[in-house]
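Structure assessment
Listed below are the residues making up each chain.
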Amino acid sequence: HNLRTASNHCWRRSRPTRGFVTGSNSFKKNIAFVRLQLMIRMLNPNDSAAILSVFRSIKSLNSQLTGFASWSESKFLDELKMAHVMVCDDDRVKGFVLYRTIPDGYEITLLGTDPRFQKQGVMVKILTGIQNLLNKDHVIWLEVHEKNHAARCLYEKLGFKTTGRRPRYYSDGADCLNLEYKS
């Protein structure tokens, strides 16, 4: 069943029931479900190739909605040198958030999940980790393409609120939404 929330137009799918399945000869067979154990941590020097690979994978999708269209590889590498970077991995980097410390919080400059690992909680884990770093009365800012509904739903779920709009900001003529999370 799909449920649609009236206020934010986000779709939520119910997941199949987990547990026991009846097998042949009428006995119950336990089906093991392995949930990814996602770890978040700060970027280390050994991650350079992996995070660049994630960047390239997302950029290759060539979507205006991701915000990666305006980022060249050299701009990304320069930002890696200047920003804080939190990554999510178990055995490989699956996603990242680049953010800068500003006087009253953090500004997220770029974030992304390897397309092979989207919809697995990677970005929720990283953003929640950054929210947990935030001091009381501080804020996290980010920008999102107005038509990137999946990202907007994720941010709303995590408590971000739309605080502004930049008309015709993106090359496709779409508006940029300014979002903020307050601790």
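For the structure, check the block above.
First, a word on what this report is: a plain description of the structure on this page. (Residues numbered from 1 in each chain as written. Predicted model: local features only at pLDDT ≥ 70, side-chain atom pairs only at ≥ 80, totals over all residues. Heavy atoms only, no water.)

The next point concerns the environment of F76. Mapped onto the elements of the fold, F76 is located in helix α2 (residues 73–82). According to the relative accessible area criterion, F76 is buried, its value standing at 0%. In this structure the C-alpha to C-alpha distance between F76 and L52, which are 24 residues apart in sequence, comes to 8.4 Å. Among all residues touching F76, those that are not within four sequence positions of it are I51, L52, F55, W71, F96, L98 and L110. (Helix = DSSP H or I, 4+ residues; strand = E, 2+ residues; numbered from the N terminus. Buried < 20%, exposed > 50% of the residue type's maximum accessible area, 1.4 Å probe, protein only. Contact = heavy atoms within 4.5 Å.)

Here we take up the packing of aromatic side chains. Using the criterion set out here, one finds 8 aromatic pairs in the structure. Three or more aromatic residues joined by ring pairs form one cluster here, namely F55, F68, F76 and F96. A cation over a ring is seen here: K75 above W71, with NZ or CZ 4.5 Å from the ring centre. (Phe/Tyr/Trp six-rings, centres within 6.5 Å; stacked < 30°, edge-to-face > 60°. Lys NZ or Arg CZ within 6 Å of the ring centre and 35° of its normal.)

The 7 strands lie next to each other as β5-β6-β7-β8-β9-β11-β10, forming an open sheet whose pairing is mixed. Each edge of the open sheet carries a strand with a single partner, namely β5 (39–42) and β10 (161–166). Recorded for the sheet is a direction-independent mean angle of 25° between the axes of neighbouring strands. Here β10 pairs with strand β11 (residues 176–182) via 5 bridges, running antiparallel. For R165, the partnering residue across the bridge sits in β11 and is L177. (Pairing = 2+ DSSP bridges. Axes fitted to C-alpha atoms, helices over the stretch in contact; angles between N-to-C directions.)

A word on the pairing of β11. Most of β11 is tucked away, with 6 of its 7 residues classed as buried. Relative to β11, strand β9 (residues 139–145) runs antiparallel, the two sharing 7 bridges. If you follow V139 over to β11, its bridge partner there is K182.

For the rest of this paragraph, the subject is the environment of M39. Along the chain, M39 turns up in strand β5. Expressed as a C-alpha distance, the spacing of M39 and C88, which sit 49 residues apart in the sequence, is 5.5 Å. Apart from residues lying up to four places away in sequence, M39 is in contact with V87, C88 and D89.

Our focus in this paragraph is helix α1 (residues 48–59). Helix length check: α1, at 12 residues, gives a terminal C-alpha distance of 16 Å against a target of 16 Å (1.5 Å per residue), a fit within 8%. For α1, every residue scored as buried is listed here: I51, L52, V54, F55 and I58. Angularly, the buried residues of α1 cover 155° about the axis, an arc narrow enough to put them on a single face. Residues of α1 that are buried sit in contact with α2, β6 (84–89), β7 (93–102) and β8 (105–113). (Expected span 1.5 Å × (residues − 1). Arc of directions from axis to C-beta.)

By the secondary structure assignment, E180 is in strand β11. Separated by 3.0 Å, the side chains of E180 and W141 make a polar contact. Sequence-distant contacts of E180, defined by excluding residues within four places in its chain, comprise V139, I140, W141, G159, F160, K161 and T163. (Polar contact = N/O pair within 3.5 Å; in protein donor to acceptor, adjacent residues only side chain to side chain.)

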